[in-house]
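Take a look at the letters that make up each chain.
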Amino acid sequence: MAMTSNATPQFNFKGRRSPLTLTIVILVVLSGVLLSLSGFYADWLWFKSVDFTSVWTTVLTTKVFLFVVAGLLTSSIILLNIIIAYKRRPLYVPLSIEADNLERYRAQIEPIKRWVVLALAVGLFYFAGTSGSAMWESWLLFKNSTSFGVKDAQFNMDISFFAFKLPFYQTLIAWAISTLILSIIAAAVVHYLYGGIRLQVQEDRTTVAARVQLSVLLGGVVLMKAVAYWFDRYQLALKESKLITGLTYTDVNATLPAKAILAAIAVVCALLFFANIIRRSWVLPAAGTALLVVSSVLIAGIYPGAIQQFQVKPSESSKEAPFIQRNIDATRSAYGLDDVSISDYQATVATNTGQLADDAATIANIRLMDPNVLSATFRQLQQIRPYYSFPESLDIDRYTVDGVKRDVVIAVRELNIEGNPSRNWINDHLVYTHGFGLVAAYGNDRDIDGKPKFAVGNLPPTGALEKFEPRVYFGENVPNYSIIGGVKTDTPVEFDYPDDTSPNGQRNYTYTGTGGVPVGSLLHKVIFALKYQEQRILLSNLINKDSKILFERNPRERVAKVAPWLTLDGDPYPALVDGKIMWIIDGFTTSAGYPYSRQSVLSNVIADIPSSATIGAQRNRTVNYIRNSVKATVDAYNGTVTLYEWNEKDPVLKTWAKAFPNTIKPKSKISAQLLEHIRYPEDLFRVQREILSSYHVKTAEAFYGGQDFWRVPRDPSTFGANASAQPPYYLTLQMPGTKKPVFSLTTPFVPRGGRENLSAFAVVNSDPGPDYGKISVLQLPRNTNIAGPSQVASNFEAKPEVANSLSLLRRGGSDVVLGNLLTLPVGGGLLYVQPVYVRATSNTAAYPLLQKVLVSFGDQIGYDDTLKGALDQVFGGNSGTVAGGSSSGTSGQTSTNSSLANSLASAKQAYADGLAALAKGDFAAYDRAQKRLKSALDAAINAQNK
């Protein structure tokens, strides 16, 4: 029988490819390379333009380092085993049918074995390197680990071990096991191909070399499994169960010992494989492996299950109590809820004349302008031209106007090239390059027609706020790229804003800022022509030596690019800071490695964000630790990105600061004006309120029972089974028992699994200062029956007078838009306020106008043209306060005069009531009258300053 075969592959080179085909192939390859290099170089130029090249360098070098190390180690280990198996192949293989078949494969592989090995080396290097480079964040956290200064309750190890080190250790273990398994497969294939493994013979199925090599590799896999078992013990601190996160009674008393025992058995099993080097039998290693498998089933499976079934379940509440308490304490700490203040609130449902006298400051700041409704109104009143736009959801901020701090609804007038009737490349990228101005409306004011009153608006901007640079080159709705600036001439190219006083009806402009990447040189023109596949960048004579190109212009994307380790809030908001429009973005540091802390999926928790917010950009990550550690700003004119340290104690931020040194400015560098516009982030509060709905319970017994759990009520403005949770609202209010009103973020709670009655009301202080971020909760008695938002919304529609009026408003080509339903703890109870807007449906240019106000307190409902009128209906004809700025049917000056007169009248009455109470010796009534007097005088001062 022939031992060799001459059937080697024959190649025919007669049909050579033509020079044209070869040239095309080369050009295609070169084009791909050039496109990749152009994007790579343009990326570096972008980082250079924002002065964050250190981030680009750190990420790149880390990825390259991990790529090379992982690629080399993986390919070297596997190839070394292949080479060893080949070198130790038997020189003589006994005749057999199996050997004869394998000889044919050997004959085909032998001439090209070098190329096969080279291809395998390159493939292994690339795929292993790619997997390794993806671990750059884990590596940097491991390398720069910072202590939390807090130890876990079970292993007495610093939290940093679980947050920064354990994930990387587990990655290394998984890599080692997978590499050894691939090495076993590769070595076994070579041994089999060259006769070192003979499956069809009865004895000596493996040669000594094959047995030794495979025994070492298999022993290595089992040894690494022992290491994996040991580290699995720590992973139990992060395990999610139906009851809690972290170790349970069964884990501590059964699973932990089981993992340790399995680790010891795995070590013994590995030693049996190593012993097989000098033995000629696979019996002991096989027995050891069987023992390991059986032990894993019995010790790690059946035994813990029996403990859970027969010891824990019969008395689960007492057995799990200490572990539930661990979970409660860790979760509250990890989500920044340690210092939440919960106080009982004996809310009344009774209404009396003058009941709101002590709450004048809160009532005066009730926001009737809903940022989620007013976008169409802003567009019609302030868009000016179709090539401008406003976002679907506007923002809330506060500004000091005439010495009085007031809430405003604010938005940037951004460029919308889709609305330009003259679309072409030059207009899209060289002429229409920026938005113009900022529009702000008072949150609690309107004019005679129900339109918002603007604190700043028009083109060019005018109003009560400071002067500022109005041009918006960086925003949430900007062209993909714009080419701006250049040599100044008498005929600037960029459209600035429409101007009827100019001969051509517009003003033009040449950018003079520091933003952008120079695009005047031939090299840079080529780079960006390739990047955007646009030859006109090379050919246009409108691009000169001083021109710049703007790209990656969205504020959120810019911050994400310079700080890829941050999780960003979904709602960047604009503010006037030091004469500039600044985008402010909140950055969160997160971790999924805080022991015993409950996990949250961010994309699920923030599902109530309006559709206009960048939900898609929010990272869909699971976390069990979060801090608002960074406040970031983006200059709307220059594009300058600045990161400010906000939480100076956060170990995760300190770790990233070590990884990216000199990229974060200290908190002390935040300017006074910027500090005035810092607010508490909505996304963080959404996460915290979701956790707080269960973890306001501080004892294990109450937590296990679950009777006191809350949930966020459904948004009354949405309907159906899939109605989203009511979003939190920014309001300026004064909480009961506090001395002054503060800008706050608020949310109500209702019982979980029960009726829609109100259970609690929570606020977080959003004014920078010593109490910033402090969460206060008013908890209602369980036996009270205070209506929640959904019930109040139903009650509004059920009242005949309201229903008839709304029905009339909805007829005749009009539609009713109900604004945000606000909850306010005033008058010793809970006040609900909801603005009612009317919009014509027959006119495409129609927009919502504030026409009515709905108010509810206890069982009483008020419905009037003004907030004051609605409040007076509820509180016996006189609520005891002046609802400033909500007039309808009178001019602004008349409204101010009326507010001032009412405030003075209230002050006079309070003074008289105080004297009468003093004469009777009723000091409690005298104290109440004095408080009413102070509130009325404050309201009078506010009215006079408007």
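So, how was this worked out
- Residues numbered from 1 in each chain as written.
- Predicted model: local features only at pLDDT ≥ 70, side-chain atom pairs only at ≥ 80, totals over all residues.
- Heavy atoms only, no water.
- Core = buried A, V, L, I, M, F, W, Y, C linked by side-chain atoms within 4.5 Å.
- Buried < 20%, exposed > 50% of the residue type's maximum accessible area, 1.4 Å probe, protein only.
- Helix = DSSP H or I, 4+ residues; strand = E, 2+ residues; numbered from the N terminus.
- Contact = heavy atoms within 4.5 Å.
- Phe/Tyr/Trp six-rings, centres within 6.5 Å; stacked < 30°, edge-to-face > 60°.
- Pairing = 2+ DSSP bridges.
- Polar contact = N/O pair within 3.5 Å; in protein donor to acceptor, adjacent residues only side chain to side chain.
- 1 Å grid on protein atoms, 1.4 Å probe; cavity = no way out; pocket = protein on both sides within 12 Å on 5 of 7 lines; lining within 4 Å.
- Points joined across faces, edges and corners; volume = space filled by probe spheres on them.
- Axes fitted to C-alpha atoms, helices over the stretch in contact; angles between N-to-C directions.
- Parallel < 35°, antiparallel > 145°, perpendicular 65-115°, else oblique.
- Nonpolar A, V, L, I, M, F, W, Y, C, P; charged D, E, K, R; others polar.
- Expected span 1.5 Å × (residues − 1).
- Bend = angle between axes of the 7 residues up to and from the residue.
- Salt bridge = Lys/Arg side-chain N within 4 Å of Asp/Glu carboxyl O.

(A) Structural context of the nonpolar core. Counting residues in each nonpolar core, the largest one holds 213 residues, and the members touching the most others are Phe 528 and Leu 831. Per-element tally for this core: the top contributor is helix 6 (residues 159-193), with 16 residues. Excluding residues that lie within four positions of it along the chain, Phe 528 makes contacts with Ala 42, Leu 45, Val 517, Val 519, Gln 533, Ile 537, Ile 549 and Phe 551. Counting residues in hydrophobic clusters, the runner-up holds 11 residues, among them Leu 262, Ala 263, Cys 269 and Phe 273.

(B) The arrangement of the packing of aromatic side chains in detail. Here the structure, examined in full by the defined rule, presents 44 aromatic pairs. Centroid distance Tyr 387 to Tyr 432: 5.3 Å. Interplanar angle 55°. Geometry classified as tilted. You can see Tyr 387 sitting in the loop between helix 12 (375-382) and strand 2 (388-389) and its partner Tyr 432 sitting in the loop between helix 13 (425-431) and strand 6 (435-436), a full 45 residues away along the chain. In this structure Tyr 432 comes out as buried when scored by relative accessible area, which is 12%.

(C) Spatial organisation of the pairing of strand 25 (residues 742-751). The buried fraction of strand 25 is high, at nine of 10 residues. Bridging between strand 25 and strand 26 (residues 760-765) involves six bridges; their strand directions are antiparallel. Bridge pairing links Pro 748 to Phe 761 in strand 26.

(D) Looking closely at the side chain of Lys 631. Within the secondary structure, Lys 631 sits in strand 21 (residues 625-635). Residue Lys 631 is classed as buried on the basis of its relative accessible area, which comes to 1%. Of the polar contacts made by the side chain of Lys 631, one reaches the side chain of Asp 586; its length is 2.4 Å. A polar contact is formed between the side chain of Lys 631 and the side chain of Asn 628, at a distance of 3.0 Å. Contact partners of Lys 631, with chain neighbours within four places excluded, come to Ile 585, Asp 586, Thr 642, Leu 643, Tyr 644, Trp 646, Ile 678, Arg 679, Pro 681 and Tyr 772.

(E) View of the layout of surface pockets. Of the voids in this model, the second largest pocket is the one considered here, and its volume is about 1000 Å³. Every residue lining the second largest pocket is counted, 32 residues in all, and those nearest its centre are Gly 336, Asp 339, Arg 627, Asn 647 and Tyr 772. When contributions to the lining of the second largest pocket are tallied by element, the ones reaching two or more residues are strand 21 and helix 20 (682-695). It is strand 21 that contributes the most residues to the lining of the second largest pocket, four residues altogether.

(F) Quick peek at the packing of helix 5 (residues 136-143) against helix 18 (residues 651-659). Contact geometry of helix 5 with helix 18 gives a least axis separation of 9 Å together with a crossing angle of 100°. As summarised for this structure, helix 5 and helix 18 are arranged roughly perpendicular, according to the angle between their axes. Along its contact with helix 5, which presents Glu 137, Leu 140 and Leu 141, the element helix 18 presents Thr 655, Trp 656 and Ala 659. Among the residues making up the contact of helix 5 with helix 18, the classes are represented as four nonpolar, one polar and one charged.

(G) Spatial organisation of the sheet that holds strand 15 (residues 547-551). The antiparallel open sheet is built from three strands, whose spatial order is 11-15-14. The two strands at the open ends of the sheet, each matched to only one other strand, are strand 11 (481-485) and strand 14 (517-518). Pairing between strand 14 and strand 15: two bridges, direction antiparallel. Across the sheet, the residue bridging to Val 517 is Ile 549, located in strand 15.

(H) Quick look at the environment of Tyr 847. Along the chain, Tyr 847 falls in the loop between strand 30 (831-840) and strand 31 (849-857). Judged by relative accessible area, Tyr 847 falls into the buried class, the value being 17%. A sequence separation of 10 residues divides Tyr 847 from Tyr 837, and the C-alpha atoms of the two residues are 9.2 Å apart. In contact with Tyr 847, other than residues within four places in its own chain, are Ala 376, Thr 377, Gln 380, Leu 381, Lys 451, Val 838 and Arg 839.

(I) Here's a closer look at helix 10 (residues 316-334). For helix 10, built from 19 residues, the straight-helix expectation of 27 Å at 1.5 Å per residue is met to within 8% by its first-to-last C-alpha distance of 26 Å. By the largest-angle criterion, Pro 322 marks the main kink of helix 10, which is about 45°. Taken together, the buried positions of helix 10 are occupied by Glu 320, Phe 323, Ile 324, Arg 326, Asn 327, Ile 328, Ala 330, Thr 331, Arg 332, Ser 333 and Ala 334. On its buried face, helix 10 sits against helix 8 (249-275), helix 9 (283-312), strand 21, helix 20 and helix 21 (700-705). Among the residues trailing helix 10, Gly 336 stands out with phi positive, at a value near 70°.

(J) Representation of the environment of Val 69 within the structure. On the secondary structure map, Val 69 appears in helix 2 (residues 53-87). For the pair Val 69 and Ala 128, spaced 59 residues apart in sequence, the C-alpha separation works out to 9.2 Å.

(K) The arrangement of the pairing of strand 15 in detail. Summarising burial for strand 15: five of the five residues are buried, a large majority. As paired elements, strand 11 and strand 15 share five bridges and run antiparallel to each other. Bridging from a neighbouring strand, Ile 484 pairs with Lys 548 of strand 15.

(L) Geometry of the pattern of salt bridges. Considering all chains together, one arrives at 31 salt bridges under this definition. With a closest N to O distance of 3.0 Å, Glu 469 and Arg 471 form a salt bridge. On the basis of relative accessible area, Glu 469 is assigned to the partly exposed category, the value being 24%. Between Asp 872 and Lys 868 there is a salt bridge; the shortest N-O distance is 2.7 Å.

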